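Listed here are the chains, written in short residue letters.
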Amino acid sequence: MSFSVTEPTRGTKWFAGILVVGYALITITPLLWIIATGFKSGPDSIAYPPKVVFEPSLEGYVNLFTERTRATQDMLDAAGPPQTWYDQIARDQGTVITGPSRYGERFLNSVIIGFGSTALCMILGTAAAYAFSRFRVPLKDDLLFFILSTRMMPPIAVAIPIFLMFRQLGLNDTHLGMILLYTAVNLSLSVWLLKGFIDEIPIEYEEAALIDGYTRFQAFYKVVLPQAATGIASTAIFCLIFAWNEYAFAVLLTSGTAQTAPPFIPTIIGTSGKDWPAVAAGASIFLVPVMIFTILLRKHLLRGITFGAVRK
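Residues numbered from 1 in each chain as written. Predicted model: local features only at pLDDT ≥ 70, side-chain atom pairs only at ≥ 80, totals over all residues. Heavy atoms only, no water.

1. Digging into the nonpolar core
Judged by nonpolar contacts, the single largest core of 23 residues is most densely connected at Leu64, Tyr103, Trp244, Ile265, Ile268, Phe286 and Phe293. Within the residue set of this core, elements represented by two or more residues are α3 (59–65), α6 (103–134), α12 (229–245), α14 (261–264) and α15 (276–296). Those residues in contact with Ile268, other than ones at most four positions away along the chain, are Leu64, Lys274, Asp275, Ala278 and Val279. (Core = buried A, V, L, I, M, F, W, Y, C linked by side-chain atoms within 4.5 Å. Buried < 20%, exposed > 50% of the residue type's maximum accessible area, 1.4 Å probe, protein only. Helix = DSSP H or I, 4+ residues; strand = E, 2+ residues; numbered from the N terminus. Contact = heavy atoms within 4.5 Å.)

2. Notes on the packing of aromatic side chains
Going through the model one piece at a time under the given rule, you end up with 13 aromatic pairs. Relative to Tyr61, the ring of Phe39 lies with its centre 5.2 Å away and its plane at 45°, an arrangement referred to as tilted. Residue Phe39 is located in the loop between α1 (10–37) and α2 (42–45), and its partner Tyr61 is located in helix α3; the two are separated by 22 residues in the primary sequence. By relative accessible area, Phe39 is classed as partly exposed at 32%. For the ring pair Phe115 and Trp244, a centre distance of 6.2 Å and an interplane angle of 75° mean the geometry is edge-to-face. With a gap of 129 residues between them, Phe115 in helix α6 and Trp244 in helix α12 connect regions that are remote in the sequence. The rings of Phe65, Tyr103, Phe107, Phe115, Trp244, Phe264, Phe286 and Phe293 are connected pair by pair, giving a single aromatic cluster. Positioned above the aromatic ring of Tyr214, the side-chain terminus of Lys222 is 5.3 Å from the ring centre. (Phe/Tyr/Trp six-rings, centres within 6.5 Å; stacked < 30°, edge-to-face > 60°. Lys NZ or Arg CZ within 6 Å of the ring centre and 35° of its normal.)

3. Details of the pattern of salt bridges
A side chain of one charge can pair with a side chain of the opposite charge if their charged atoms are brought near each other. All chains considered together, the criterion is met by six salt bridges. Glu206 is the salt-bridge partner of Arg134, the closest N and O atoms lying 2.5 Å from each other. Here Arg134 is found in helix α6, whereas its partner Glu206 is found in helix α10 (residues 203–211), with 72 residues between them in sequence. The same class applies to Arg134 as to Glu206, namely buried. Several salt bridges share partner residues, and in doing so they unite Arg102, Glu105 and Arg106 into one network. (Salt bridge = Lys/Arg side-chain N within 4 Å of Asp/Glu carboxyl O.)

4. Examining helix α5 (residues 85–92)
Every buried residue belonging to α5 is among Asp87, Ile89 and Ala90, and all of these are buried. The arc enclosing the buried residues of α5, seen along the axis, measures out at 160°, which places them on a common side. Away from its buried face by more than 90 degrees, α5 exposes Trp85 and Asp92. Against α3, β1 (66–70) and β2 (95–100) lie the buried residues of α5. A positive phi of about 75° marks Gly94, the residue just after α5. (Arc of directions from axis to C-beta.)

5. A look at the side chain of Glu246
Note that Glu246 resides in the loop between α12 and α13 (248–253). Separated by 2.7 Å, the side chains of Glu246 and Tyr182 make a polar contact. Separated by 3.1 Å, the side chain of Glu246 and the backbone nitrogen of Ala250 make a polar contact. In this structure, Glu246 is in contact with Tyr182 and Pro262, ignoring residues within four places of it in sequence. (Polar contact = N/O pair within 3.5 Å; in protein donor to acceptor, adjacent residues only side chain to side chain.)

Put into structure tokens, the structure is as follows:
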């Protein structure tokens, strides 16, 4: 029996292209709207009907990174002329800057906890996946199912037990506690994804390395890891996205020292209520690290798992 592959017609290509472009526009519109809102003034951000064309302003970013207080005209006159451009923006709102906000600290906490848990998850997940793939582990299938079953459970179901356990261990509101928690949650995903990639790497490569005098660790480091780079990169992105966006555990287990950006951004309040330009500005900046991380790893995502090698 023979099969023939027919080339899609020009009309089919055009139809597929229109669908892809349409889907891309639909999915990217909310993101563009958030970014645009960050450059609106307060009245423009809540105008109805919504303003698509508006005069750009850095009011949202100034409000995001500063603490301000409402001032009377006498207080503004006594304070003298504004010294910087952001002082001028605050004065235009009838406020004076009293100091920096805590967004920078919360953003740094997200970087430490997100990337720290992702790195730890990759180290433990790769080692566990290699063991399940290459060695005879007793009750392997049962263990793999148990690991996967932890991912099926909604986080809120274990939130209170984790809170009580962390309180007893002194891990509440600490960077170490959040890194360990996010690592435990993501480990099941990383083990299953990485095991699938390592299974695709022919074991003959390692056997040849062992015959050449390599130790098991050297064969793993110099043979398996380069071939599994695609799987490690894609798994790292998934783990980082979860740790970066996680909200429920961050709200329950952090309040000050280790609080991340997701629970902090919704609490940004302006002088007259919710400061939507500042919220949008914080959300826009929050997207940047994950985008950069994904772009840096894109070459691994596009490369085949055994690129340049002959499969079994």
